[in-house]
2 protein chains.
Amino acid sequence: MEPAHRVPNLSGGRFSATYLLSVPSTEVEAYARELAIEQTVEFPESHIPLGDIADQIVGRVESVEPAGASAYRVTISYADEIAGGELAQLLNIVYGNVALKPAVRLLAVAPSPGLARALPGPRCGISGLRARLGIPRRPILCTAIKPMGLSTQALADQALAYARGGIDVVKDDHGLTDQPFAPFRERVLRTLEALDRAARETGERTAYVANVTAGPPALLERARFAKDAGASALMVAPGIAGLAAIDALARDPALDLPILAHPSGWGHFAGDPRRGIAHRALFGHLLRLAGADGSIFVTHGGRFPDTPEDSREVVEGCRAPLAGYAPILPMAGGGVTVPRLEALVDELGSDLSLLVGGGLHTAGPDLIANCRAFRRKVERFA
Amino acid sequence: MEPAHRVPNLSGGRFSATYLLSVPSTEVEAYARELAIEQTVEFPESHIPLGDIADQIVGRVESVEPAGASAYRVTISYADEIAGGELAQLLNIVYGNVALKPAVRLLAVAPSPGLARALPGPRCGISGLRARLGIPRRPILCTAIKPMGLSTQALADQALAYARGGIDVVKDDHGLTDQPFAPFRERVLRTLEALDRAARETGERTAYVANVTAGPPALLERARFAKDAGASALMVAPGIAGLAAIDALARDPALDLPILAHPSGWGHFAGDPRRGIAHRALFGHLLRLAGADGSIFVTHGGRFPDTPEDSREVVEGCRAPLAGYAPILPMAGGGVTVPRLEALVDELGSDLSLLVGGGLHTAGPDLIANCRAFRRKVERFA
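Note that the structure is predicted; figures quoted are calculated from it, not measured.

Caption draft 1: View of the relation of the copies chain B and chain A. Once turned by 180° and shifted 0.0 Å along the axis, chain B lies on chain A with an RMSD of 0.0 Å. The transformation just described matches what one would write down for a two-fold rotation axis. It is glycine 242 of chain B whose C-alpha, among those of chain B, lies nearest the rotation axis, at 2.0 Å. When the interface residues of chain B are mapped onto chain A, 100% of them are again interface residues, pointing to one common binding face.

Quick look at the structure:
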């Protein structure tokens, strides 16, 4: 073996990640150690240089606790410096090659002060969003312009109806990007014109959220266009554009807009309870570290298989204390209908957004009346 | 119902995706239809506008075929225009909200001529990579500089040893990004200096692959720096940076470098045989559509649980005909050791890269001698 190797400028600060390992008791210690190596040096243990690399750079198994039959909660800490102050690399450390392993699920991420300095998180959080919208307490009503295939004029007309009906936030459907039948720039401009008109009529401003999910460099170009045009927020699907796309928008000093995360392409990670990423970490911790201000998720009882416990985990991941990171807005969707609002608010609290899509169209023949009924119901939770 | 709605400028071109639906026969037709709606208009079926939206924009169930007990292969076609000529949106269509569904697995993507014009795919493919490396037939030897925590000088010294030992391609370990102990630019420059030195000694040029996995805009900045410095290729983990990061690099006219995809954060999609994305589509079709030239994957028999069938699927996804897209290089890693080379080449053919990491260090006390043994073994497959 070589003499002890030194790594300069290590602060000693460490962040950590907690995993569920579904392995027998005889294997858990070795599996945890293997994981700590895989996620960092990815090198044969016998050949890891002694000194700072072995002692600090390699992940450190901090605790192993039973979590049911043949399952353990394992916390591994990582030196702040290996994330290099970058969101993409943070994800690579806490959930990189883990993705290739069976029987490992990322449950939670615990940022350190050093990480929190490098990745400041949400620009607005719940309180900033509420202040911008002028809605201090009640659930925030959100819907989407859709379906794909409508012209920008038809989509703008729909936005006008939503606003007349008292919807707080109108977002692009996540399938609307920059297609020839509804080009991005034209859609943004016409929708904002429609919402301006409604604001003059009603005295209430409905916010518009532009979907900027795209690869680089289109993502940043669209975000800047939407900001300059007067959009109130941006939507990105991290499963499609990459989690670091959110970070790039949150850090862009020219933007100053809240960012909402959409679960398209992302929700899969939470699907299998033995692997992937738990709802709390996926829809909460990672999005907060990236700088999202709202987290769209699919609630139980809708058209997706998620359970009440999954929804509660999302809400907790968004709102519970996390190393000083601002709480972010859970946005409950995926088949929310007006009759379900009361039960959802009972279960998840009123500090959330209710995202009703198709349900607004099917509730009755008059879209504006349907929106008003939705709004009236929600006013009761003020 | 409204009168028939018209969507202007639809070409009639359609691409398709094939899914495995693990549902009983009584449910498969309804589930397939629901999926076709979810992935496109995401709107209550009763309210979908008649005419072009119902007939062309909504996904069309083209076939439903039994695939074992309570499982069906379902092919859905999509209008070219809904992908908007963008890789990110293509992914959103073929695997967007599907991510939230149980019992659906994306098996394959079949591009249309229109999609292939919009997304031209790999810049080099296998033949271009082989031409650039000057290796017409035999497996391409690849290894990584590691572990994380070494200085740029120590990493460059390691690259020098690899090159002296006859390794064809030296890549950054996927955990090396831009950390303070080995900053990106310094690492690229020193590693290239070391490989230049080796080339003068041996007369053979070892290629260097820079890991540019990062969020925007760092991704493009690092790629341009690496290109200008003389790197031979770029590596990106689409599970960390987003699949569209590969597309952005492949389309950047200033780059002209092959791109290798790393499975960190990406492999999870293939883990559950009933959901997610099959190896063929994940490590083959989607990467080719995005423009990757090589696909790093973990082989069976290494330290990950993948089976021989998984490896064969990856290889087929990379090399089999796909609507005129260039075949790309399967890069077998994840615990490949010198003793396993022969069996791997027997099973997967010689038109691949063998990625040996830790195995080169543990094979014997002299790293250069270990590399030479690896090279000699592989020369036999010429």
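Caption draft 2: Structural detail: the environment of threonine 75 of chain B. Residue and element names in this part refer to chain B. By the secondary structure assignment, threonine 75 is in strand S3 (residues 72-79). A C-alpha to C-alpha distance of 29 Å links threonine 75 and serine 264, two positions 189 residues apart in sequence. With residues near it in sequence (within four places) discarded, threonine 75 still touches Ser16, Ala17, Thr18, Arg60, Val61, Glu62 and Ser63. Of the polar contacts made by the side chain of threonine 75, one reaches the side chain of threonine 18; its length is 2.8 Å.

Caption draft 3: The arrangement of the packing of aromatic side chains in detail. Residue and element names in this part refer to chain A. In the structure shown here, the tally under the stated rule is nine aromatic pairs over all chains. Relative to tyrosine 78, the ring of phenylalanine 15 has its centre 5.6 Å away and its plane inclined at 40°; by these criteria the two rings are tilted. Residue phenylalanine 15 is found in strand S1 (residues 14-21), and its partner tyrosine 78 is found in strand S3 (residues 72-79); the two are separated by 63 residues along the sequence. Take phenylalanine 15: its relative accessible area is 0%, and that puts it in the buried class. Overall, tyrosine 78 belongs to the buried group, its relative accessible area being 0%.

Caption draft 4: Representation of the sheet that holds strand S10 (residues 276-277) of chain A. All names here are of chain A. Pairing within the open sheet is mixed, and its five strands lie in the order S2-S3-S1-S4-S10. Every interior strand has two partners, whereas the edge strands, strand S2 (60-66) and S10, have only one. Relative to S10, strand S4 (residues 104-110) runs parallel, the two being bridged by two bridges. Note on S10: the bridge partner recorded for arginine 105 is glycine 276. Relative to S3, helix H1 (residues 25-38) is tilted by about 20°, and along the sheet it contacts S1, S2, S3 and S4. Sitting on the sheet, helix H3 (residues 87-94) touches S1, S3 and S4, and the angle it makes with S1 is about 40°.

Criteria and thresholds
- Residues numbered from 1 in each chain as written.
- Chains lettered and ligands numbered in written order.
- Predicted model: local features only at pLDDT ≥ 70, side-chain atom pairs only at ≥ 80, totals over all residues.
- Heavy atoms only, no water.
- Least-squares fit on C-alpha atoms with pLDDT ≥ 70 in both.
- Contact = heavy atoms within 4.5 Å.
- Helix = DSSP H or I, 4+ residues; strand = E, 2+ residues; numbered from the N terminus.
- Polar contact = N/O pair within 3.5 Å; in protein donor to acceptor, adjacent residues only side chain to side chain.
- Phe/Tyr/Trp six-rings, centres within 6.5 Å; stacked < 30°, edge-to-face > 60°.
- Buried < 20%, exposed > 50% of the residue type's maximum accessible area, 1.4 Å probe, protein only.
- Pairing = 2+ DSSP bridges.
- Axes fitted to C-alpha atoms, helices over the stretch in contact; angles between N-to-C directions.

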